[in-house]
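# A structural walkthrough
Now for the letters of each chain:
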Amino acid sequence: MPELVHEKSTKTTCPYCGVGCGVIARVGDDGAVGVKGDPEHPANFGRLCSKGSALAETLDLDGRLLYPEIGGRRAGWDEALDLVATRFSRSIAEHGPDSVAFYVSGQLLTEDYYIANKLMKGFIGSANIDTNSRLCMSSSVAGHRRAFGADTVPGTYEDLELADLVILTGSNLAWCHPVLHQRLAVAKASRPEMKVVVIDPRRTMTADIADMHLAIAPDGDTALFNGLLAHLVRSGAVDQNYISAHTKNFVEAFAAASALDLPELATATGLTQAELRDFYRLFETIEKVVTCYSQGVNQSVGGTDKVNAILNCHLATGRIGRPGMGPFSLTGQPNAMGGREVGGLANMLAAHMDIDQPLHRDLVQRFWGAPALPAKPGLKAVDMFRAVADGRIKALWIMATNPVVSLPDADAVEAAIKNCPFVVVSDILRETDTARHAHVLLPSLGWGEKDGTVTNSERRISRQRAFLAAPGEARADWWQLAEVGRRMGFGQAFAHTSPAEVFAEHAALSGFENDGGRDFDISAHAAIDRESYDDLLPFQWPQPNGAARQEKRFFADGGFYHPDGRARFVAVEARMAKAASDALPFTLNTGRVRDHWHTMTRTGKSARLSGHLAEPFVEIHPRDAQEIGVADADLVMIESPYGRVIVRALVTERQAERNLFVPMHWNDQFAAKARIDALVAPVTDPYSGQPASKNVAVRAAPFAASAYGFAVSAEKPVALDASYWAIAKADGGWRMELAFADDESDWIGWCRQAFSIPAEIEPIGYTDRTSGELRLAFFDEDRLLAALFLSPRPVAVARNWAVSQLSVSHANLGKRFAVAAGRPGADKPDPGATVCSCFSIGVNQITAAIRDGCHSVEAVGEKLSAGTNCGSCRAEIRGIIHACLAAAAE
Ligand SMILES: Nc1nc2c(c(=O)[nH]1)N[C@H]1C(S)=C(S)[C@@H](COP(=O)(O)OP(=O)(O)OC[C@H]3O[C@@H](n4cnc5c(=O)[nH]c(N)nc54)[C@H](O)[C@@H]3O)O[C@H]1N2
Ligand SMILES: Nc1nc2c(c(=O)[nH]1)N[C@H]1C(S)=C(S)[C@@H](COP(=O)(O)OP(=O)(O)OC[C@H]3O[C@@H](n4cnc5c(=O)[nH]c(N)nc54)[C@H](O)[C@@H]3O)O[C@H]1N2
Ligand code: SF4
Ligand SMILES: [Mo]
């Protein structure tokens, strides 16, 4: 991080995950930005993970969309906004309000989201606004509403530290909520009696701190928690007083939960009877239990039932809303919760109200002075894009999300967007897989430029503050929406001039005619002015007008939001996981890696973050790999009836047999064919409409390549003519993995074209006839322009060393030949694949330190600094130490 002489500090909030860490950003006189954790923020107390620590590296203007565009040509704001307003108004006039739609995002700020929802539901008069939270949190929302009568997260982060048993199911906390994971790891280290159970088909890095890892069969969760409920009843661990005072439908839920006996539960969960008994006994005997869950629960055809199976167990034991106790839905995006608060989902209304309740509709309509509110829910994401495909939706505005990458059946989504008569995309980047099909592109302000609020997983509302000037003509998302609202003739309702005014209105609505019957109430801020908004400290909701400042948990003493104040047990049936067929024998599971964020539009800019896992991959169990004839580092083709990808094999016993895991991040900007959602079937949960992104039937086979390649280049390549390519940012340039199915003979010509090498520059070459390896390096004076390493097998070149050659001078001819040979000199060992991205420490450096006697994570940290900043890589370092010591003992 650059040292700054005169610096200006701004307190803001990390734009990545739902932990919602406080960040202090400093801008130096030279414009350089530094970030560090905010020691006073109650989410992180100064900590940041690898992504948060690398924020400053993602703020450059490369690839930014800086001006509005219409049909690919630069346009003025007036022209672009007029066009959007006209086309939306015309479609509404000709085909009705349901012929238009907004598809928005949990990465919008609350103020943006509020205006989007107000415009669509209040003034356009359709509920066709849905959000990527449909793919993320909607099963939790549906489960909460069924059980509690409102979408309420009862607990706080502190509960994870106070609990004696923390269950993490369908959550890779170590990689996806790293700072919360660190808080948990610290609490466990200080209270070793605390138990952690991880329930995940894969042995993730999160399992590293677990006392018990249950490698559950895909979608076995409902059976597991149903079995738990039955066990709790039989063992007398239930809280009869709580059940009779505060709940309903217990008998029905217990009956459903008792459907399977222990051997049947073992079959349904893929666990042994002993594992089940041990887990059930822990829950039975330990009172302070927190059950955290995330996408392994939500993203399923039975996601809502899974949520209720978990909530049932906490309700039955009265372990909810008390310190160290409760179910805890971990939200993904920085403002997933804010989006729920403003009613960004097609089936919700603003301020946690219900679209199908006439009283709520009437209340919101009066508050907004709106002409009419839609009486029925709008289309949920997957259905919305079906309606785009079949022409029902004729004008679509996509904001802060990249559906061509992230929605299931992604190729069909792309085709639908391409064929839609009018598509508006608001983004910070000009070139994304979605933006390339827009008729109108609107440049949005990004993190560090925009102002507003976000709500994290524990209901804490924090400010995101601008510390950078708006680049080009980029404008805030809320402003774009309000301008279109004004141009559509709804001027009075969209007269806001600042995010502070929007927030005040949102806060006022939350308290409007709210006699305590609605959980979401922040009316204490209904009269907030700009100055107080600028100074707003992080606070937890609810915060009703007149009440003392509070940090609250919900439901310890009942007080649920169903009309009778009681919670509902929900009888849920354990669905058996879909049996694999001969044609599609594998279950594909998809998710996240530590250092990338979704479709990589921001983390893909950081060389450090891209160095951790530099290409798309599939985790496959060794026996499966052997069966299909794939070795580690070979390429694999995975297919479903919907689409196909080519990714690198990562053979590992962490993966269960017959299961594959592919990350969701890679897309057409970073790889030839790795958009995994092209394979995901568009099947959804019947209650929430959330897609089942974690359980997809597929087949897998080796991808036959006649040559494999690795290349580095100083400039971004123009076009890579290869059957497989994956590109990643590297210090001083780019690195890429390549594979070729067809024989190519003119490799020099190939390089000239790919890397724009001028004709007068001749390569230094090296061929090994026995191994069939070929190396080419192009220098401009002492500077390496590009190097290509080719082999008939996966290339075994010292990659990080090769990358580092882009940044060193090659005045010495011998050094140039070393590049062509692809071998570092003895004085410059290859650091190996990056493990610690904060200090760019590679696996070879860590194994060397272990050989030198560093046999603990702390000792490695002391010698190399690895793992001592954000700590996200500590589990991997521990794994490397174990592997090295085990190998040495053999
Ligand atoms: N590094 C990083 N962090 C992120 C994000 C990111 O892109 N990158 N995105 C953020 C967002 S929006 C979200 S929603 C969260 C997601 O956070 P998580 O939900 O923790 O992440 P995922 O990797 O999607 O899935 C979690 C785990 O569910 C497991 N799983 C799959 N099927 C099942 C099942 O049937 N049962 C159980 N019990 N487990 C199963 C998977 O193997 C996986 O390890 O992460 C947030 N944080
Ligand atoms: N197979 C599979 N698919 C999945 C998942 C999975 O686990 N497996 N997870 C699902 C989940 S949980 C989620 S949350 C989604 C995420 O999927 P997406 O929402 O599609 O992913 P992002 O890359 O976060 O897209 C955000 C877009 O907004 C842009 N952007 C960034 N900041 C701003 C801003 O301030 N304003 C505007 N207007 N634009 C901005 C970015 O450049 C980017 O194009 O993916 C879902 N899809
Ligand atoms: S855990 Fe990491 S990504 Fe999540 S908010 Fe904190 S710093 Fe950002
Ligand atoms: Mo998400």
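Residues numbered from 1 in each chain as written. Chains lettered and ligands numbered in written order. Predicted model: local features only at pLDDT ≥ 70, side-chain atom pairs only at ≥ 80, totals over all residues. Heavy atoms only, no water.

Another point: the nonpolar core. Ranked by internal contacts, the top residues of the largest apolar core, which has 120 residues, are Phe88, Phe102, Phe225, Phe279 and Trp397. Two domains each put at least three residues into this core: domain 2 (69–135 + 335–495) and domain 3 (138–329). Residues contacting Phe279, with those up to four places away along its chain left out, are Ile167, Val197, Ile199, Met212, Leu214, Leu224, Phe225 and Leu228. Ranked by size, the runner-up nonpolar core spans 63 residues in total, among them Ala671, Tyr708, Ala726 and Ala798. (Core = buried A, V, L, I, M, F, W, Y, C linked by side-chain atoms within 4.5 Å. Buried < 20%, exposed > 50% of the residue type's maximum accessible area, 1.4 Å probe, protein only. Domains from an automatic or database assignment. Contact = heavy atoms within 4.5 Å.)

This brings us to the sheet that holds strand 4 (residues 69–70). Strand order across the open sheet formed by seven strands is 5-4-18-17-16-6-7, with mixed pairing between neighbours. Each end of this open sheet is capped by a strand with a single partner; those strands are strand 5 (73–74) and strand 7 (129–131). In the sheet, strand 6 (residues 100–104) pairs with strand 16 (residues 395–399) via four bridges, with the strands oriented parallel. Paired with Phe102 across the two strands is Trp397, which belongs to strand 16. The strands touched by helix 3 (residues 110–124) within the sheet are strand 6 and strand 7, with strand 6 carrying the most contacts at an inclination of about 160°. (Pairing = 2+ DSSP bridges. Helix = DSSP H or I, 4+ residues; strand = E, 2+ residues; numbered from the N terminus. Axes fitted to C-alpha atoms, helices over the stretch in contact; angles between N-to-C directions.)

We now examine the site of ligand 2. The environment of ligand 2 is made up of 31 residues, and the closest members are Ser406, Asp427, Lys450, Thr599 and Asp677. Asp427 has a polar side-chain atom sitting 2.6 Å from an oxygen atom of ligand 2. At 2.5 Å from an oxygen atom of ligand 2 is found a side-chain nitrogen or oxygen belonging to Thr599. Against a free-state accessible area of 920 Å², the protein chains account for coverage of 99% of ligand 2. Judged by its atoms lying within 2 Å of the grid points, ligand 2 is housed in the largest cavity. Classifying every residue of the shell around ligand 2 gives nine nonpolar, 16 polar and six charged. Built from parts of two domains, the shell around ligand 2 gets at least three residues from each of domain 2 (69–135 + 335–495) and domain 4 (586–702). (Near = heavy atom within 4 Å. Polar contact = N/O pair within 3.5 Å; in protein donor to acceptor, adjacent residues only side chain to side chain. Areas by Shrake-Rupley, 256 points an atom, 1.4 Å probe, with all protein chains shown as cover. 1 Å grid on protein atoms, 1.4 Å probe; cavity = no way out; pocket = protein on both sides within 12 Å on 5 of 7 lines; lining within 4 Å. Sits in = over half its atoms within 2 Å of the grid points. Nonpolar A, V, L, I, M, F, W, Y, C, P; charged D, E, K, R; others polar.)

Contact pair helix 29 (residues 857–864) / helix 30 (residues 874–889): the axes reach a minimum separation of 9 Å and the direction vectors enclose 105°. By the criterion of interaxial angle, the relationship of helix 29 to helix 30 is roughly perpendicular. Note on element contacts: helix 30 touches helix 29 through Arg874, Ile877, Arg878 and Ile881, opposite Val857, Glu858 and Val860. Among the residues forming the contact of helix 29 with helix 30, the class breakdown is four nonpolar, no polar and three charged. (Parallel < 35°, antiparallel > 145°, perpendicular 65-115°, else oblique.)

Now for the site of ligand 3. In the region of ligand 3, the neighbouring residues are Cys14, Tyr16, Cys17, Gly20, Cys21, Leu48, Cys49, Lys51, Gly52, Pro178 and Val179. For the shell around ligand 3, the elements supplying multiple residues, two or more each, are helix 1 (50–53) and helix 7 (178–190). Residue classes in the shell around ligand 3 are distributed as eight nonpolar, two polar and one charged.

Glancing now at the sheet that holds strand 31 (residues 733–740). The strand order across the open sheet formed by six strands is 30-31-29-34-33-32, and the pairing between neighbours is antiparallel. Looking at which strands have only one partner, the edges of the open sheet turn out to be strand 30 (724–730) and strand 32 (764–768). Put simply, the sheet's adjacent strands are angled 10° from each other on average, direction ignored. Docked against the sheet, helix 27 (residues 813–821) engages strand 32, strand 33 (773–780) and strand 34 (783–791), running at close to 140° with respect to strand 33.

Take Gln480: it is sitting in helix 20 (residues 477–487). Residue classification places Gln480 among the buried residues on the basis of a relative accessible area of 0%. Here Pro443 takes part through its backbone oxygen, which lies 3.2 Å from a polar atom of the side chain of Gln480. Of the polar contacts made by the side chain of Gln480, one reaches the backbone oxygen of Arg475; its length is 3.1 Å. Excluding anything up to four places from it in sequence, Gln480 contacts Trp77, Leu81, Trp397, Met399, Ser426, Leu442, Pro443, Ser444 and Arg475.

It is worth spelling out empty space enclosed by the protein at this point. For the structure on display, the rule yields six cavities of 30 Å³ or more. Its boundaries defined by the atoms lining it, the largest cavity holds a volume of some 630 Å³. Taken together, 38 residues make up the lining of the largest cavity; nearest its centre are Gln107, Asn132, Ala400, Trp597 and His598. Looking at which domains feed residues into the lining of the largest cavity, each of domain 2 (69–135 + 335–495) and domain 4 (586–702) supplies at least three. By volume, the second largest cavity is sized at about 520 Å³. Lining of the second largest cavity is provided by 40 residues; of these, Gly170, Asn172, Gln295, Gly296 and Lys694 occupy positions nearest its centre. Breaking the lining of the second largest cavity down by element, the ones donating at least two residues are helix 6 (173–176), helix 13 (295–298), strand 23 (586–591) and strand 27 (659–663). (Points joined across faces, edges and corners; volume = space filled by probe spheres on them.)

Our next topic: the confidence of the model for the protein. For the protein, the average pLDDT comes to 94, and 98% of its residues sit at 70 or higher. The low-confidence segment residues 1–5, where pLDDT is below 50, has 10 contacts with residues more than four positions distant or belonging to other chains. (pLDDT = per-residue confidence, 0-100.)

Time to look at the pattern of salt bridges. For the coordinates displayed, the defined rule picks out 56 salt bridges. We note a salt bridge from Arg74 to Glu473, for which the minimum N-O separation is 3.4 Å. You can see Arg74 sitting in strand 5 and its partner Glu473 sitting in the loop between strand 20 (460–464) and helix 20, a full 399 residues away along the chain. The exposure class assigned to Glu473 is partly exposed, which follows from its relative accessible area of 28%. A salt bridge links Asp564 to Lys248, with the shortest nitrogen-to-oxygen separation between them at 3.8 Å. Here Lys248 lies in strand 11 (residues 247–248) and Asp564 lies in the loop between strand 21 (539–540) and strand 22 (567–568), a separation of 316 residues in the sequence. A cluster of three or more residues bridged by salt bridges with shared partners is formed by Asp78, Asp82, Glu483, Arg486 and Arg487. (Salt bridge = Lys/Arg side-chain N within 4 Å of Asp/Glu carboxyl O.)

All chains considered together, the criterion is met by 31 aromatic pairs. Arranged with centres 5.1 Å apart and planes meeting at 70°, the rings of Phe250 and Phe569 form a pair that is edge-to-face. Placement of Phe250 in helix 10 (residues 250–257) and of Phe569 in the loop between strand 22 and strand 23 is noted, with a sequence separation of 319 residues between them. Accessibility classification places Phe250 together with Phe569 in one group, the buried group. Ring pairs connect the aromatic residues Phe148, Phe520, Trp541, Phe554, Phe555, Phe560 and Tyr561, which therefore count as one cluster. Above the ring of Phe494, the side-chain terminus of Lys118 is found at 5.4 Å from the ring centroid. One Lys or Arg, Arg658, reaches over the ring of Phe586 and ends 5.0 Å from the middle of that ring. (Phe/Tyr/Trp six-rings, centres within 6.5 Å; stacked < 30°, edge-to-face > 60°. Lys NZ or Arg CZ within 6 Å of the ring centre and 35° of its normal.)

Side chains of strand 13 (residues 326–329) alternate between two faces, with Gly326 and Phe328 and Pro327 and Ser329 buried alike. The pairing of strand 12 (residues 289–293) with strand 13 spans four bridges and is classified as parallel. Each bridged residue has a counterpart across the sheet, and for Val290 the counterpart in strand 13 is Gly326.

Quick look at the domain arrangement of the protein now. Split by domain assignment, the protein resolves into domain 1 (7–58), domain 2 (69–135 + 335–495), domain 3 (138–329), domain 4 (586–702), domain 5 (707–821) and domain 6 (834–889). Taking only C-alpha atoms, the centre of domain 3 and the centre of domain 5 are 51 Å apart.

Another point: helix 20. The element helix 20 is largely enclosed, with a buried count of nine among its 11 residues. When helix 20 is considered as a whole, its buried residues turn out to be Asp477, Trp478, Trp479, Gln480, Leu481, Ala482, Glu483, Val484 and Gly485. Downstream of helix 20 by a residue or two, Gly489 has a phi angle that is positive, lying close to 100°.

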